[in-house]
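# Summary of structural features
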Amino acid sequence: MAAEKNLKWWQKTIVYQIYPKSFSDTTGDGVGDLNGITAHLDYLKKLGVGAIWLTPIYPSPGVDNGYDISDYVEIDPAYGTMADFENLIAEADKRKIKIVMDLVYNHSSDKHAWFLESKSGRKNPKADWYIWRDAKNDGSPPTNWRSIFGGSAWEWCEERGQFYLHTFAKEQPDLNWENPAVRQALYDAANFWLDKGVGGFRIDAITYIKKPAIFSDGAPDGKDGLTNIHFMTANTKGILDFLHEFKEKVFAGRDIFTVGEANGVAADELNQWVGKNGVFDMLFEFSHVNLSLKDGEIWCRPTEWKLTELKKVLSDSQAATKNNGWYPIFFENHDHPRCVNHFFAKDAEPDKAAKAMAAILLTLRGTPFIYEGQELGCTNVAWDSIEQYDDISSHGQYDFALEEGFSAAEAMEFVHFFSRDNARTPMQWNGKKNAGFSTGKTWLPVNDNYKIINVEAEEKNSKSVLAWYRKLAKFRSEREELTAGDYELLLPDDENIFAFSRGVDDKKIITVVNFSTKKISLPEDFCGRKILLDTESKNREEKFLQPLEVRILE
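Right, let's walk through the structure included here. (Residues numbered from 1 in each chain as written. Predicted model: local features only at pLDDT ≥ 70, side-chain atom pairs only at ≥ 80, totals over all residues. Heavy atoms only, no water.)

## Section: the environment of K136
Position of K136 among the secondary structure elements: in the loop between β4 (132-133) and β5 (145-146). With relative accessibility at 32%, the residue K136 sits in the partly exposed group. Leave out the neighbours within four places in its chain, and K136 touches P141, P142, T143 and D217. (Helix = DSSP H or I, 4+ residues; strand = E, 2+ residues; numbered from the N terminus. Buried < 20%, exposed > 50% of the residue type's maximum accessible area, 1.4 Å probe, protein only. Contact = heavy atoms within 4.5 Å.)

## Some details on helix α13 (residues 408-418)
Of all the positions in α13, only A411, M412, F414, V415 and F418 are classed as buried. In an axial view of α13, the angular spread of the buried residues amounts to 155°, which keeps them on one side of the axis. The exposed set on the far side of α13, more than 90 degrees from its buried face, consists of A409 and E413. Those residues of α13 that are buried are in contact with α10 (339-342) and α12 (392-403). (Arc of directions from axis to C-beta.)

## Section: the nonpolar core
Core analysis: the largest hydrophobic core is formed by 152 residues, its most contacted members being F85 and F201. Setting aside chain neighbours within four positions, we find F85 in contact with L34, L54, I57, I75, I99, M101, W193, K196 and V198. I131, L165, F168 and Y208 belong to the second-largest nonpolar core, a separate cluster that totals 15 residues. (Core = buried A, V, L, I, M, F, W, Y, C linked by side-chain atoms within 4.5 Å.)

## Observations concerning helix α7 (residues 239-251)
Here α7 is 13 residues long and its end C-alpha atoms lie 17 Å apart, about the 18 Å a rise of 1.5 Å per residue gives. Along α7, the residues that are buried comprise I239, L240, F242, L243, F246, V250 and F251. In an axial view of α7, the angular spread of the buried residues amounts to 150°, which keeps them on one side of the axis. Pointing more than 90 degrees away from the buried face of α7 are the exposed residues D241 and E248. Contact partners of the buried residues in α7: β3 (98-104), α5 (180-196), β8 (200-204), β10 (257-261) and α8 (270-273). One or two steps after α7, the chain reaches G253, where phi turns positive at roughly 80°. (Expected span 1.5 Å × (residues − 1).)

## Here we look at the pairing of β8
For β8, the buried fraction is high: 5 of the 5 residues fall into the buried class. Pairing between β3 and β8: 5 bridges, direction parallel. In the sheet register, M101 faces β8, and the bridge partner there is F201. Two elements, β8 and β10, share 4 bridges in a ladder whose sense is parallel. Its bridge partner lying in β10, R202 is registered against V259. (Pairing = 2+ DSSP bridges.)

## A word on the sheet that holds strand β7 (residues 162-165)
Pairing between the strands of a sheet is mediated by backbone hydrogen bonds and can be parallel or antiparallel. Spatially, the 3 strands line up as an open sheet ordered β4-β7-β6, and their pairing is antiparallel. The open sheet has two free edges, formed respectively by β4 and β6 (154-157), since each of these has just one partner strand. Where β6 and β7 come together, 4 bridges link them in antiparallel fashion. Each bridged residue has a counterpart across the sheet, and for C157 the counterpart in β7 is Q162.

## Section: the pattern of salt bridges
Inspection of the entire model under this criterion finds 37 salt bridges. Ionic pairing is found between D316 and K312, a salt bridge with its closest N-O pair at 2.7 Å. A residue pair is termed a helical-turn pair when its members lie 3 or 4 positions apart in one helix, as D316 and K312 do in helix α9 (residues 307-320) at 4 residues. Looking at K312, the relative accessible area reads 49%, which means it is partly exposed. E549 is the partner of R551 in a salt bridge, and the nearest nitrogen-oxygen pair spans 2.7 Å. For the pair R551 and E549, one class covers both residues: buried. One salt-bridge network, in which partners are shared between bridges, spans D64, D335, D391, R420 and R424. (Salt bridge = Lys/Arg side-chain N within 4 Å of Asp/Glu carboxyl O.)

## Some points on the sheet that holds strand β14 (residues 486-490)
Strand order in this open sheet of 5 strands is β14-β15-β16-β20-β18, and the pairing throughout is antiparallel. Every other strand in the sheet has two partners, leaving β14 and β18 (531-534) as the edge strands with one partner each. Taken over all neighbouring pairs, the strand axes of this sheet differ in orientation by 20° on average, direction set aside. When β18 meets strand β20 (residues 550-553), the two strands line up antiparallel, connected through 3 bridges. Along β20, the bridge assignment pairs L533 with I552. On top of the sheet, α9 reaches β14 and β15 (497-504); it is set at about 20° to β15, its chief contact. (Axes fitted to C-alpha atoms, helices over the stretch in contact; angles between N-to-C directions.)

Here it is in structure tokens:
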């Protein structure tokens, strides 16, 4: 354990993810901005945050809320100016908080100057900066691949007389990483931001950058005759060669951290991606949040899962990064619904569920990532019609569900459960108009429960979810077991209790969480131990756990 105790700064802190569009609006236009983030740095510092990950703040048409970038080295005017960004970095540095940028390098916007030139003809300097293919003999798309957002992954371009590939929306053409000039342009953009003083990068959809040498049809997995592009292109052999070059040209020798979004990378493959011989410091893999999507990213076919499955996939990731690499712990982000709705039974009390998940998040081995509003116990929304949803992915999945034969009501149930808009509603600062997020009409409606769930109310309540997060964050910072300690899963076969230990030498801390909504017996081995933190001090029974109760034991 000696080497483990010499952890880097990003292994000992908490990362807070901000969706800038929804965090805090200082101009009254209904859209969050950089100055709004700067204004709340002290709030984040009190939460124990040492790094802030910003989802894209670059110029963008906004088809996919910033993940369709039209300029990699500028700030979108909707969020402010470059001077505002530089001020944010400076003010964050005063509080020992680093700003982490989001790199979207699988694709650009179709409004990017690179793509406008590329599509203008087949003989221009950027003709092969994107992935172009001729139609089949019958005029149909080159392959039967379905994009992540639904529909064909190919879009026809009249100017070139060819199709271009888009893993996501048609307005997000995939970049051609086989072209060295493309790669260098992307590396230059990343270095531009490092020179500004950013503390690291989250790299979006990185598993899709390498495409197979031969493009071929896959077996259809839906009534539309298409096949999920994820299974045709994700983690194609040779991708790590690109990524090692990326590391050499950008990351190497810098005191930053990098975390890749790597949907589809299995736990036993993590050692190729992170650690001494890998590329990134950490890797977001989604086995734990995709337990209900065992049939791939087809949301109208959710499957049931058990607590033992959740414990196993989390423990597999812990084991895979035990001696090589580091684990980014997360249960929410801008692409996933709120964890209190996603991981718990429908009859679970939201505040207790939020506290239960917080205990796991802040006592597992790795760097915890808190998504904005998670520390308040924010919940999903359930709007009446698909027209009320902004998320392009939700619209695609809704249409796909209808094509698969589900009713409109059933399709809306899937949207309610899975929509990315669940996590994108404006931050709930107080119980006043628009939850204190903005004085103007908000770009997305505020969750109806903002008068109860908000920062101002929870700061006045010592038993609130926010108070529990702050208590856990302070506790984590004071206990070496929770930063440098080993992880061991306890009670692996129990379908009600998630229990694990963290230990350094002869010091050990045990986290025990009742995931069920019923009162259950506490195993004898956990009885009689000193309770360091718990959520049911008034209703506590030594030999029983109340519904969703948390105990952290010596």
